[in-house]
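What follows is each chain in one-letter form.
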Amino acid sequence: MLRRNGYASIASTMDPHEVCELHLKNRYDLILLDLVMPGMDGFQVMESLKEIEKDGYLPVLVITSQSEHKARALKAGAKDFVSKPFDLVEVLARVFNMLEVRLLHLKTRRLYDEGMVEQRALLTAKAEISRHAIHLEQVVLERTAQLREKIGELEVFSYSISHDMRQPLRAMQGYAQALLDDYGESFEPEPKLFLQQIKSAALRLDHLIQDVLTYSNATHGESEVSSIGLSEIVREVVENYPNLRNAKIEIDPSMAPVLGYEVALTQSISNLLANAVKFVPSGITPEIKIWSEPRDDCIRLWIQDNGIGIAPQDHKRIFEMFSRVHSNEVYEGTGIGLSIVAKSVGKMGGHLGVESELGKGSRFWIELQKAELP
Ligand code: ADP
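Rules of the game
- Sequence order as written defines the numbering, with residues in each chain counted from 1.
- It should be noted that, the model being predicted, local features are given only for residues of pLDDT at least 70 and side-chain atom pairs only at 80 or more, the latter also being counted only at that level, while totals for whole chains, interfaces and linings use all residues.
- Only hydrogens and water are set aside; all other atoms, that is, all heavy atoms of the structure, feed into the side-chain values.
- In summary, the pairing rule links any two rings of Phe, Tyr or Trp, Trp by its six-membered ring, whose centres are within 6.5 Å, and it sorts them by plane angle into stacked for under 30 degrees, edge-to-face for over 60 and tilted for everything else.
- Secondary structure counts use DSSP, requiring at least four H or I residues in a row for a helix and at least two E residues in a row for a strand, with both numbered from the N terminus.
- Remark: exposure states derive from per-residue accessible area (1.4 Å probe, protein chains only) relative to the maximum for the residue type, with buried under 20%, exposed over 50%, and partly exposed in between.
- Consider each residue's heavy atoms; a residue with any of them within 4 Å of a molecule or strand counts as near.
- Any pair of N or O atoms that falls within 3.5 Å is considered a polar contact. Within protein, one atom must be able to donate a hydrogen and the other to accept it, and sequence-neighbouring residues count only if both atoms are side-chain atoms.
- Throughout, the Shrake-Rupley method with a 1.4 Å probe supplies accessible areas, and for residues the shown protein chains are the sole cover considered.
- The arc in question is the one traced by the directions running from the helix axis out to the C-beta atoms.
- Two residues form a contact once any of their heavy atoms are found within 4.5 Å.
- Here, the term nonpolar core denotes a set of buried Ala, Val, Leu, Ile, Met, Phe, Trp, Tyr and Cys residues that are joined through side-chain atoms within 4.5 Å.
- Surface patches are drawn from residues lacking salt bridges whose relative accessible area is over 30%; two like charges belong together within 9 Å, two nonpolar side chains (Val, Leu, Ile, Met, Phe, Trp, Tyr) within 5 Å.
- Salt bridge, as applied in this entry: a Lys or Arg side-chain nitrogen positioned within 4 Å of an Asp or Glu carboxyl oxygen.
- DSSP calls a pair of strands paired once it identifies at least 2 bridges connecting them.
- Axis definition: a line fitted to C-alpha atoms, limited for helices to the stretch in contact. Angles are taken between N-to-C directions and run from 0 to 180 degrees.

(A) Fine view of the packing of aromatic side chains. In this structure the tally under the stated criterion is 3 aromatic pairs. Between the aromatic rings of F279 and Y331, the centroid separation amounts to 5.2 Å while the plane-to-plane angle is 50°, which identifies the pairing as tilted. One end of the pair, F279, is in the loop between α7 (262-278) and β7 (287-295); the other, Y331, is in the loop between β8 (298-304) and α8 (337-347), and 52 residues separate them in sequence. Like F279, the residue Y331 is buried in the burial classification. A centroid spacing of 5.9 Å and a plane angle of 10° characterise the contact between W291 and W302, whose relative ring orientation is stacked. Here W291 is found in strand β7, whereas its partner W302 is found in strand β8, with 11 residues between them in sequence.

Written out as structure tokens, the structure is:
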């Protein structure tokens, strides 16, 4: 009957003891099982089939004529039953349905197995990635610590070198001056000029070393930001800086306080003011205006001068170390002042910039976090 209806792979046995062995070998998709058999009944066969089908799915359709066996068979794991005597249409329908369910079951299990394999691969990859991340973090931490140590060593080294270089320089200056004072009268003009040049070169080098020291010291030892009154700090710089005495300086008295390092901010403001009085055409009295304006949660401090101005193409490079637009003959300097300002402002988490045109004065600005008013 099954063969007539298109089923091609069919086997049968009369011996219930053979069922398990055959199923183990052939893995049937459906077993039509009689319940009453000599030597071993269908319930016992199902028990031994459970040993093979570990996931609990028994592809068994029992055939029985006793109605009390039906419920017992289903409980024992059979998936369905057909009653004797057979209704062929019903048998075929149940066989078809059972096979359909069986195939779906196999497909689901295959997908599940594949999913499990993928999930396992994913978990392994995840574990591998997080192992790498931990390792990388460790490496970065170690390298950063090594770098910090090296930078610290270099800073100490450059500080002591610069510091020690000032000693012989001062000796050069002193001896040149002593020669001029004691024997200057008897010197010809040329050796006298040479001595003057030795003296002024030594002085220039001394200024350079001082600026390098200030640069490497900028913000050192200041670890805590504090609230700083801008009007007060600007006034203090103006009062303590002799070169500013001859300038006309207007300070807004009501500038808001900012968050910063006090020494670094004092240094930055005094460098900007020193430039504001230095870079003016000769014979012109420097006029400086200082005010502030709020910008979101920051305060922008403006320092405006009436000096020679800076061409727009030079605005960026003047903040770089040793970068100067004007020659040393006309305006003395080392080219370090603005890089100190940039380093200090950067350490305070602020920004800085300039607005200027040649011949029209300059407006430098520093922007820092606004401090809460007490
Ligand atoms: P230094 O003043 O020692 O030359 P800075 O780093 O302070 O070094 O300044 C770099 C250059 O920027 C100066 O040499 C000058 O050319 C230009 N500069 C700075 N401030 C001003 C200013 N207020 N007006 C015109 N030029 C300026």
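(B) Region of interest: the site of the ligand. Within the structure, the ligand sits among 19 residues, and N275, D305, R324, H326 and L338 are positioned closest to it. Here T334 contributes a backbone N or O atom positioned 2.9 Å from an oxygen atom of the ligand. Against a free-state accessible area of 530 Å², the protein chains account for coverage of 98% of the ligand. Those elements that provide at least two residues to the shell around the ligand are α7, α8 and β10 (362-369).

(C) Structural detail: helix α2 (residues 42-52). For α2, every residue scored as buried is listed here: G42, F43, V45, M46, L49 and I52. The buried residues of α2 all sit within an arc of 150° when viewed along its axis, so they share a single face. Each element contacted by the buried residues of α2 is listed here: α1 (19-26), β1 (31-34), β2 (60-64) and α3 (67-76). Its side-chain oxygen 3.1 Å from the backbone nitrogen of F43, D41 forms the N-cap of α2.

(D) Summary view of the nonpolar core. Core analysis: the largest hydrophobic core is formed by 34 residues, its most contacted members being L230, L265, I269, L273, I288, I290 and F364. The greatest single-element share of this core, amounting to 7 residues, is contributed by α7. Beyond its immediate sequence surroundings of up to four residues, L273 is in contact with V237, V238, L244, I288, I290 and I303. Within the second largest apolar cluster, 20 residues are counted, among which are M37, V45, I52 and V62.

(E) Inspection of a nonpolar patch on the surface at higher detail. Together, L154, F157, I161 and M165 line one region of the surface with nonpolar side chains, adding up to about 400 Å² of accessible area. Relative to the helices and strands, F157 is located in helix α4 (residues 88-183).

(F) Geometry of the sheet that holds β10. Read across the sheet, 5 strands follow the order β5-β7-β8-β10-β9 without closing on themselves; strand pairing throughout is mixed. Looking at which strands have only one partner, the edges of the open sheet turn out to be β5 (248-251) and β9 (351-356). Between one strand axis and the next, the sheet turns through 20° on average, direction left out of account. Contacts from α8 reach β9 and β10, with the element oriented near 140° to β9.

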